[in-house]
Structures are given as structure tokens and as C-alpha cells.
Amino acid sequence: MAGAALLGRLTWLVAEVVDAVQETPRVRTLVLEADGWDGHRAGQHVDVRLTSEDGYQAERSYSIASAPGEPLAVTVEELEDGEVSPYLVSEAREGDRFEIRGPIGGYFVWDGSGDAPVLLVAGGSGVVPLMSMIRHRARTGSRTPTRLLYSSRSYEDVIYRAELDEPADGLEVFQTLTRSQPPGWTGYARRIDAEMLGEVAWSAADEPRVFICGSTRFVDAAADGLVAMGYPPLSIRTERFGATG
Ligand SMILES: Cc1cc2nc3c(=O)[nH]c(=O)nc-3n(C[C@H](O)[C@H](O)[C@H](O)COP(=O)(O)OP(=O)(O)OC[C@H]3O[C@@H](n4cnc5c(N)ncnc54)[C@H](O)[C@@H]3O)c2cc1C
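Residues numbered from 1 in each chain as written. Predicted model: local features only at pLDDT ≥ 70, side-chain atom pairs only at ≥ 80, totals over all residues. Heavy atoms only, no water.

Details of the sheet that holds strand 10 (residues 209-214)
Pairing between the strands of a sheet comes from backbone hydrogen bonds, and it takes one of two forms, parallel or antiparallel. The following threshold applies: Strand pairing is defined by DSSP finding a minimum of two bridges between the two strands. To qualify as a helix, a DSSP run of H or I must reach at least 4 residues; to qualify as a strand, a run of E must reach at least 2; elements of each kind are numbered from the N terminus. A fitted line through C-alpha atoms represents every axis, and for helices the fit uses only the stretch in contact; the resulting angles, taken between N-to-C directions, go from 0 to 180 degrees. By definition in these notes, contact holds between two residues if any of their heavy atoms fall within 4.5 Å.
Overall, parallel pairing links the 5 strands, which are arranged 9-8-7-10-11 in an open sheet. The sheet is open, and its two borders are formed by strand 9 (171-177) and strand 11 (236-240), each paired with just one other strand. Within this sheet the neighbouring strands show an average axis-to-axis angle of 10°, counted without direction. As judged from the 5 bridges shared by strand 7 (residues 118-123) and strand 10, these two strands associate in the parallel manner. From the neighbouring strand, leucine 119 faces strand 10, where its bridge partner is valine 210. Of the strands in this sheet, strand 7, strand 8 (146-152), strand 9 and strand 10 touch helix 3 (residues 127-139), which is tilted by about 145° from strand 7. Here helix 6 (residues 216-228) sits on the sheet and contacts strand 7, strand 8, strand 10 and strand 11; the angle it forms with strand 10, its principal contact strand, is near 155°.

Quick notes on the pairing of strand 1 (residues 13-24)
A regular strand places its side chains on the two faces of the sheet in alternate fashion. Bridge analysis of strand 1 against strand 6 (residues 97-104) gives 4 bridges, and the strand direction is antiparallel. In the sheet register, glutamate 16 faces strand 6, and the bridge partner there is arginine 97. Sheet topology note: the strand 1/strand 2 (residues 27-34) ladder contains 8 bridges and is antiparallel. Residue pairing in the sheet places glutamate 16 in a bridge with glutamate 33 of strand 2. Counting the residues between successive antiparallel strands, the hairpin from strand 1 to strand 2 contains 2 residues.

Regarding the nonpolar core
The condition is simple: Here, the term nonpolar core denotes a set of buried Ala, Val, Leu, Ile, Met, Phe, Trp, Tyr and Cys residues that are joined through side-chain atoms within 4.5 Å. The rule is simple: take the accessible area with a 1.4 Å probe, protein chains only, and divide by the maximum for that residue type; under 20% is buried, over 50% is exposed, in between is partly exposed.
Membership of the largest hydrophobic core comes to 24 residues, with the highest contact counts inside it found for Leu120, Leu130, Met133, Leu148, Tyr150, Tyr160 and Phe211. Mapped by element, the contributors of at least two residues to this core are strand 7, helix 3, strand 8, strand 9 and strand 10. Looking at this core, the element that brings in the most residues is helix 3, giving 6 residues. If we ignore the near neighbours within four places in the chain, the residues touching leucine 120 are Leu130, Met133, Ile134, Thr146, Arg147, Leu148, Leu149 and Phe211. Formed by 23 residues, the second largest nonpolar core is a distinct cluster that contains Ala15, Ala34, Val76 and Tyr87.

Considering the environment of glutamate 70
Our working rule: Polar contact criterion, stated in full: a pair of N or O atoms within 3.5 Å, where within protein one must be able to donate a hydrogen and the other to accept it, and residues adjacent in sequence count only if both atoms are side-chain atoms.
In this fold, glutamate 70 is placed in the loop between strand 4 (57-63) and strand 5 (72-77). With relative accessibility at 27%, the residue glutamate 70 sits in the partly exposed group. C-alpha separation for the pair glutamate 70 and serine 132, spaced 62 residues apart in sequence, amounts to 9.8 Å. Not counting the four nearest positions on each side in its chain, glutamate 70 is found in contact with His40, Arg135 and Arg139. A distance of 2.8 Å separates a polar side-chain atom of glutamate 70 from the backbone nitrogen of alanine 67.

Observations regarding the packing of aromatic side chains
Any two aromatic rings considered together are summarised by their centre-to-centre distance and by the angle between their planes. As a reminder, the rule being used: For this analysis, a ring pair means two rings from Phe, Tyr or Trp (six-membered ring only for Trp) whose centres lie within 6.5 Å, classed as stacked if their planes differ by under 30 degrees, edge-to-face if by over 60, and tilted for the remaining angles. When the NZ atom of lysine or the CZ atom of arginine is within 6 Å of a ring's centre and also within 35 degrees of its normal, the charge is said to sit over that ring.
Going through the model one piece at a time under the given rule, you end up with 3 aromatic pairs. Summarising the aromatic geometry, the rings of tyrosine 87 and phenylalanine 98 are spaced 6.3 Å apart at their centres and angled 85° between planes, so their arrangement reads as edge-to-face. Remark: phenylalanine 98 occurs in strand 6 and tyrosine 87 occurs in helix 2 (residues 85-91); sequence separation between them is 11 residues. Relative to phenylalanine 211, the ring of phenylalanine 108 has its centre 5.4 Å away and its plane inclined at 90°; by these criteria the two rings are edge-to-face. Pair noted here: phenylalanine 108 is in the loop between strand 6 and strand 7 and phenylalanine 211 is in strand 10, with a separation of 103 residues, a long-range link. On the basis of relative accessible area, phenylalanine 211 is assigned to the buried category, the value being 2%. Positioned above the aromatic ring of tyrosine 160, the side-chain terminus of arginine 135 is 4.7 Å from the ring centre. Seen from the ring of tyrosine 155, arginine 161 lies directly overhead, with NZ or CZ sitting 4.1 Å from the centre.

A few points about the environment of aspartate 111
Inspection of the secondary structure puts aspartate 111 in the loop between strand 6 and strand 7. Judged by relative accessible area, aspartate 111 falls into the partly exposed class, the value being 43%. Along the backbone, aspartate 111 and proline 68 are 43 residues apart, and their C-alpha atoms lie at a distance of 9.4 Å. A distance of 2.8 Å separates polar atoms of two side chains, one belonging to aspartate 111 and the other to serine 113.

Quick word on the pattern of salt bridges
Note the following rule: Whenever a carboxyl oxygen of Asp or Glu lies within 4 Å of a side-chain nitrogen of Lys or Arg, that contact is scored as a salt bridge.
For the coordinates displayed, the defined rule picks out 13 salt bridges. A salt bridge links arginine 101 to aspartate 47; the nearest nitrogen and oxygen atoms lie 3.1 Å apart. Note that arginine 101 is positioned in strand 6 and aspartate 47 in strand 3 (residues 45-51), a separation of 54 residues in sequence. We classify aspartate 47 as buried; its relative accessible area is 7%. A salt bridge links aspartate 220 to arginine 240, with the nearest nitrogen and oxygen atoms 2.4 Å apart.

Shown next as C-alpha cells:
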């Protein structure tokens with residue numbers, strides 16, 4: 001398989017945790033330093049490999065949250081009974097080390113070029129690679145008209161809340177809270193549906209570029225809704241984190 005061959009050329013690097021930021025009660029960002037890390041593009045991910053004392057290894061993928069040119073950072077949501085995420089969110093301390101390889105992925109990438117508007121659609125921790133794109137856009141002073149539609153369960157679960165409350169010029173942020181909303185909430189309060197997409201998404205005639213990330217079910221629902229609005233399937237790039245999320 002070409003993908004496997006490509007991965008084979010990536011070497012595992014030892015990464016050290018140099019900073020940790022609690023984003024929400026269940027989500028933490030780890031800033032990593034790794035000798036030999038060559039930088040990344042917005043939207044790419046790394047593989048993380050943990051090795052226990054008895055030699056047992058577990059590997060998972062994590063999107064890169066930081067913009068190209070910034071220190072490497074991943075943002076991880078803790079899944080109950082998960083093998084890897086509880087360590088990264090609740091246990092890893094500054095100075096801890098584990099292995100990473102990457103950057104991985106050339107398809108779910110936004111390099112900031114082109115005039116077409118951009119639509120970003122995120123469910124839960126699916127906001128992570130989209131945040132790398134948003135940060136890249138801000139760092140490079142891009143004026144590309146960009147909209148983010150971001151679905152979280154509750155206000156407390158909104159990752160990068162403070163940063164998203166102050167979007168850069170030309171970035172519009174639309175949020176929906178699916179399970180509970182704080183008093184005075186003015187955003188949406190339901191799962192993403194056709195009506196919401198109709199209000200938030202660019203017209204298909206504007207030929208927007210689309211990046212959707214989240215659980216498989218979330219991504220499929222959002223992509224199907226946009227196709228029903230007339231978006232060409234090939235204009236929609238998706239990243240699926242798995243069944244949960
Ligand atoms: C390209 C890519 C990028 C990703 N980026 C991110 C990211 O930026 N942030 C992020 O938080 N996640 C991301 N993920 C998801 C991440 O890779 C992991 O899947 C996630 O962290 C869960 O890993 P875990 O080891 O904690 O849980 P796992 O051990 O894999 O378990 C996952 C869930 O399945 C359940 N489970 C496990 N085994 C069984 C079983 N035998 N029977 C029934 N249920 C079971 C567990 O209870 C748990 O709820 C990404 C995934 C991909 C593919």
C-alpha cells in the first residue's frame with residue numbers, strides 16, 4: 001500500500017512535553033518538542049506511540065493544533081476507558097516523553113492560498129485541525145473569507161473558547177450547543193441540520209472550499225447536508241476521528 005510505504009519512511013521521534021494547557025474539563029493541549037521535527041502544514045496530524053514498562057505499545061493519531069511555524073501542539077479529548085487519551089489528558093506531565101511520527105496527511109490541508117471562501121465544520125475535538133488552519137490564517141494575515149460552524153455538547157465543552165470569541169478579521173464563528181446552553185446563549189441549540197447549514201454555509205455558487213472534521217457520524221451528516229445544498233462532493237474534504245466524539 002502506498003500509504004503504508006509513505007508512513008514507513010517517517011521515523012519515530014522522541015517528543016517531550018514542554019507545556020500543558022487544560023482547555024476544558026476533558027480536553028488538554030500538550031506542547032511538544034522533538035529533535036528532528038521538521039514542521040507541518042495546517043490540518044496534518046501525528047501518530048503518538050506509548051510504550052508501557054512491559055513493552056506493550058499503543059498508537060493513536062492526533063491532529064496538530066498549532067499553526068505552521070509555531071511549536072508543535074496536540075489537543076486531546078479524554079475518552080472514558082480509552083487506552084491512550086486518559087494518559088495524554090490526565091497523566092502526562094512536563095518532562096514526560098513518548099514517541100511521535102509525522103507530520104502525516106496531504107489531503108486535509110489548507111495552505112491559505114486561493115480566493116475561494118472557506119467553510120470549516122467541526123464536531124467536538126474535530127475543531128483541532130481546523131484551529132490550526134484558523135491560526136495559520138491569522139498568522140499569515142490571510143483575508144480569505146472564512147466561516148467556522150462548531151458543534152459542542154455544552155458551553156463547558158467548547159475548546160479554544162477564548163480564542164474563538166475574538167476571531168480575526170474575516171473569520172465568522174457560528175456555534176451550536178447540542179445538550180445544554182447557558183442562560184442568554186444566542187447561538188444554535190441543536191445538532192447541525194439542513195436549516196442551519198442553509199443559514200451558515202456559503203452559497204454553492206461561491207465555490208467554497210470545505211473542511212469537515214469530527215466523529216464519523218457527524219462528518220457524514222454535515223457532508224450529506226452540504227451536498228444536498230449543491231456543494232460538489234469533491235469540494236468537501238473530511239477527516240474522521242472514529243465512531244465516538
Ligand atoms: C486522523 C485522526 C486525527 C485525530 N485527531 C484527534 C485529536 O486531535 N484529538 C483527539 O482527542 N482525538 C483525535 N483522534 C482520535 C484518536 O486517534 C483516538 O482515537 C482517541 O483519542 C481515542 O483513543 P483512546 O486510546 O483513548 O481510546 P481507545 O482505547 O481507542 O477506545 C476508544 C473508545 O472505544 C471504547 N472501546 C475500546 N475498546 C473497546 C472494546 N473492545 N469494546 C467496546 N468499546 C471499546 C473505549 O471505551 C473508548 O470509549 C484522531 C483520529 C484520527 C484518525
